[in-house]
Amino acid sequence: MKFLFQVMPARAVFGVGEIGRLGDEIDRLEAGRVMIACTKGATGRLGPLRQALGERLVGVFDGAEPHCPQPVAEAALERFSALGADAVVPFGGGSTLGLGKMITVRTGRPMVAVPTTYSGSEMTPIYGMKIGQEKRTWRDAAALPKTVIYDPALMVDLPAGLTATTGMNCLAHAVEALYPKEPNPIAADLAERCIEALSIGLPGSVERPDDLKAREQALYGGFLGGLLVTMVGIALHHRICHVLGGHFGVPHGESNSVILPYVVAYNASAAPNAMDAIKRALSAEDAAAGIFDLAGRIGAPRTLLELGMPADGLAHAAEETVATLAYNPRTVSVQEITELLQAAHEGRPPSEGMI
Ligand SMILES: [Fe+2]
């Protein structure tokens, strides 16, 4: 066995009711004046955070928005400074965590993140801001939280749609961790467990939103998926999703849900060990079909058509993908990726080796 192992420094507290440790985690950082960051929609769910923080909570900034528009970032920084806050606690999904990263980088003050989706954003040092119409992103270790609190009890309010799409994004992180550029057996082990946990947790969470056992499995998958993003790079799947997001406005979770089974079908011949791991984790006979079926079970989108992607944009998306792809286990051509996107546009039942 041969490998290179490197992980980001991160402290994670996981478990039902563990949000109760938020105050202790703040004390560990020798901070005493906390500002919570969230979206307007999340303000009604802050009860457990308020209780855990007590007098440490000095204010809430509830203006987080997707892609962190510059005026939002500036308003949040002004509020942080006006409150005399010395720590930030973002409570929410990717948009809110992105704002938390911006605040911690700009102020140099620590962040304790409380994620409420499965996207894994809390583990990555990548954050962005929308300046005018342009989305800029940066990578900075200073953007990482000092602690992440994963509490499955806080996930019961996550709507089925977001449970499904952020869960599929997480699943994609695990799948792409199975065929990295550099062999990584540790990532492969974690990825298989991540896929298994999601395959149990996501359907249970969609069918019974307040089932804490299901939420626990899904969130454990979310935690592992987040770790995997930091351990290995991305490949064809995420390249396509970023092209669809950047040029056609397709949201990341939705594009992940649709594209993943087709990329797995495409990469099957070049990554047989990955296919075996996916099949074991899903108890499926075909890796691509197994992922497609899981997406169907949890109500995630399965066609580009339903996401409003125009058929006449597929060839352009394929060209852009091929031109900007850094790594994939199987070589790509514009013709093949156009075929892949056509199959995904129609929602043709995928199977290993179909393209
Ligand atoms: Fe992703």
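Everything below is about the structure shown above.
Here's what I pulled together on the structure shown here. (Residues numbered from 1 in each chain as written. Predicted model: local features only at pLDDT ≥ 70, side-chain atom pairs only at ≥ 80, totals over all residues.)

1. Some words on the overall build of the protein
At step 1: Looking only at helices and strands, the protein features 13 helices and eight strands.
At step 2: For a compact globule of 355 residues, the expected C-alpha radius of gyration is about 20 Å, and the protein comes in at 20 Å, within 12% of that figure.
At step 3: Judged by the C-alpha coordinates and their principal axes, the protein covers about 60 × 45 × 40 Å.
At step 4: When each of the 355 residues of the protein is scored for burial, the buried share is 53%.
At step 5: Across the protein, contacts joining residues at least 24 apart in sequence account for 74% of those joining residues at least 6 apart. (Helix = DSSP H or I, 4+ residues; strand = E, 2+ residues; numbered from the N terminus. Rg over C-alpha atoms; globule rule 2.2 N^0.38 Å. Buried ≥ 20, exposed ≤ 12 C-beta atoms within 10 Å, placed from the backbone. Contact = placed C-beta atoms within 7 Å.)

2. Observations regarding the environment of alanine 300
At step 1: Of note, alanine 300 is situated in the loop between α11 (287–297) and α12 (314–324).
At step 2: Look at alanine 300 and you get buried, because 27 C-beta atoms sit within 10 Å.
At step 3: Alanine 300 sits 135 residues away from threonine 165 along the chain, and the two C-alpha atoms are 6.0 Å apart.
At step 4: The contact partners of alanine 300, leaving out residues within four places of it in the chain, are Ala164, Thr165, Met168, Ser257 and Ala295.

3. Overview of the environment of valine 332
At step 1: Residue position: valine 332 is located in the loop between α12 and α13 (334–346).
At step 2: Placed 101 residues apart in sequence, valine 332 and methionine 231 show a C-alpha to C-alpha distance of 24 Å.
At step 3: Not counting chain neighbours up to four residues away, the residues in contact with valine 332 comprise Leu236, Val322, Leu325 and Ile337.

From the geometry alone we can't say anything about function, so treat these as descriptive.
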